[in-house]
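The lines below spell out each chain.
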Amino acid sequence: LEECRPDLVLYDAGVDVYVRDGLGKLELTEEGIRKRDRMVLDECIGRGVPVAAVVGGGYDSDVAALGRRHAILHEEASEVWKKKIKFGSDLCQTNPEWKSEGWGL
């Protein structure tokens, strides 16, 4: 992020990295997926880079379990924003137009 200084990050938070996913062949637990998502969001938002994130991937006949893994992204995004609002408005300092556009930060 430091080198390329993007205007926007497009993040595909695929869950086919899950340890029991039949196609992914990787070994992240749900906690590992959570940590990955939190790291990506924290790094981007902490540097003032907007993120457009989507869920994707994941192959599981247990639709409820798959849905829980997809929900991790939204849970972590919510926590990152709550933390930024609670501990200071550094986002508005990095991106002053957000304050003037009514982001409520």
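From a predicted model like this one, the values you see are computed outputs, not experimental measurements.

### What about the pairing of strand β2 (residues 51–56)?
Pairing of strand β1 (residues 9–14) with β2 involves 6 bridges; the strand directions are parallel. The residue of β2 that forms the bridge with Gly14 is Gly56. Since β1 and β2 lie parallel, the crossover through helix α1 (residues 30–46) that links them has a hand, and here it is right-handed.

### What to know about the packing of aromatic side chains
In the structure shown here, the tally under the stated rule is 0 aromatic pairs. Above the face of the Tyr18 ring, Arg69 is positioned so that its terminal group lies 4.0 Å from the ring centre.

### As for the packing of α1 against helix α2 (residues 63–86)
If you want to describe how two helices pack, look at the angle between their axes and the distance between the axes. Contact pair α1 / α2: the axes reach a minimum separation of 9 Å and the direction vectors enclose 40°. Put simply, α1 runs oblique to α2. Considering how the two elements wind past one another, α1 and α2 form a crossing that is right-handed. Contact residues: Glu30, Ile33, Arg34, Asp37, Arg38, Leu41, Asp42, Ile45 and Gly46 in α1; Arg69, Ile72, Leu73, Glu75, Glu76, Ala77, Glu79, Val80, Trp81, Lys83 and Lys84 in α2. Per-class residue counts for the contact of α1 with α2 are 8 nonpolar, 1 polar and 11 charged.

### Overview of the confidence of the model for the protein
Summarising the model, the protein shows a mean pLDDT of 85, and 82% of its residues fall at 70 or more. The element-level mean pLDDT for the protein is lowest in helix α4 (residues 96–100), coming to 48, with β1 highest at 96. Contacts for the low-pLDDT stretch residues 98–105, under 50 throughout, to residues beyond four places or in other chains number 13 contacts.

About the cut-offs
Residues numbered from 1 in each chain as written. Predicted model: local features only at pLDDT ≥ 70, side-chain atom pairs only at ≥ 80, totals over all residues. Heavy atoms only, no water. Pairing = 2+ DSSP bridges. Helix = DSSP H or I, 4+ residues; strand = E, 2+ residues; numbered from the N terminus. Right-handed = clockwise from strand over helix to strand, strands pointing away. Phe/Tyr/Trp six-rings, centres within 6.5 Å; stacked < 30°, edge-to-face > 60°. Lys NZ or Arg CZ within 6 Å of the ring centre and 35° of its normal. Axes fitted to C-alpha atoms, helices over the stretch in contact; angles between N-to-C directions. Parallel < 35°, antiparallel > 145°, perpendicular 65-115°, else oblique. Left-handed = near helix turned anticlockwise from the far one by under 90°. Contact = heavy atoms within 4.5 Å. Nonpolar A, V, L, I, M, F, W, Y, C, P; charged D, E, K, R; others polar. pLDDT = per-residue confidence, 0-100.

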